[in-house]
Amino acid sequence: MSDNLTEKDLDVQEKKVFGRIIDMWSMGSEEDPYALSTVSEVMKYSKTDGLSEEQILTILKKLEEDKLFHMDDVNGKAYIKYNVEAVQIVKELQKTEYVHSRNKFIPPDHR
C-alpha cells in the first residue's frame, strides 16, 4: 500500500480497530509510548465496539500488511507500534469519533 493511505481507504470496522490502537498509543508515556498498545488491550476495547475476536485479528493482519504499524514481541506480549507510513491516516482518524482518547497521539519520532 502507498504512503497516501487515508481514512477513506478503511472500512468502518478497520477504523474502529485502528482508532482503538491510536487510543492506546496516545495513553502511553513519553518514555514508553507503546506500553498500553498490546494486542490483548486492543482486542479488549475493540470487542466493546461489537467486533468478534476473529474480525479483530483479521483487521489487525490487514492493517499490518498495509504498513500502518508493526508488531514487536516483548516478553511474550505482542506490542503494536507506529509506522511512519501511517502519519496521514493517524492525523485524520484523530479528528473522528473512532478515536476516543482525549490525548493526542504524537509519534515518538515527531516529539
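Before reading on, note that the structure itself is shown above.
Rules of the game
Residues numbered from 1 in each chain as written. Predicted model: local features only at pLDDT ≥ 70, side-chain atom pairs only at ≥ 80, totals over all residues. Heavy atoms only, no water. Salt bridge = Lys/Arg side-chain N within 4 Å of Asp/Glu carboxyl O. Helix = DSSP H or I, 4+ residues; strand = E, 2+ residues; numbered from the N terminus. Polar contact = N/O pair within 3.5 Å; in protein donor to acceptor, adjacent residues only side chain to side chain. Contact = heavy atoms within 4.5 Å. Phe/Tyr/Trp six-rings, centres within 6.5 Å; stacked < 30°, edge-to-face > 60°. Buried < 20%, exposed > 50% of the residue type's maximum accessible area, 1.4 Å probe, protein only.

A.B. asks: Is there a simple way to think about the pattern of salt bridges in this case?
C.D. replies: Where side chains of opposite charge bring their charged atoms close, a pairing between them can arise. Under the counting rule described, the total for this entry stands at nine salt bridges. As a salt-bridge pair, Lys 47 and Glu 53 come within 3.1 Å of each other at their nearest N and O atoms. Note that Lys 61 and Glu 65 form a salt bridge whose closest N and O atoms lie 2.7 Å from each other. Residue Lys 61 and its partner Glu 65 are both found in helix α3 (residues 53-65); the two are separated by four residues, about one turn of the helix.

A.B. asks: What is the right way to look at the side chain of Ser 101 in this model?
C.D. replies: Relative to the assigned elements, Ser 101 resides in the segment after α4 (87-93). Only 2.7 Å separates the side chain of Ser 101 from the side chain of Ser 26, close enough to count as a polar contact. Every residue in contact with Ser 101, bar those within four places of it in the chain, is listed here: Asp 23, Ser 26 and Met 27.

A.B. asks: Hey, could you run me through the packing of aromatic side chains in this one?
C.D. replies: Any aromatic ring pair is given by two values, namely how distant the centres are and how the planes are angled relative to each other. Scanning the entire structure with this criterion turns up six aromatic pairs. The interplanar angle of 85° and the centroid separation of 5.9 Å between the aromatic rings of Phe 18 and Trp 25 together place this pair among those described as edge-to-face. Each member of the pair, Phe 18 as well as Trp 25, carries the same accessibility label: buried. Centre to centre, the rings of Phe 18 and Phe 69 are 6.4 Å apart; their planes meet at 20°, and the pair counts as stacked. Here Phe 18 is found in helix α1 (residues 12-26), whereas its partner Phe 69 is found in strand β1 (residues 69-74), with 51 residues between them in sequence. The exposure classification of Phe 18 matches that of Phe 69, with both residues buried. Linked through ring pairs, Phe 18, Trp 25, Tyr 34, Phe 69, Tyr 82 and Phe 105 together constitute an aromatic cluster.

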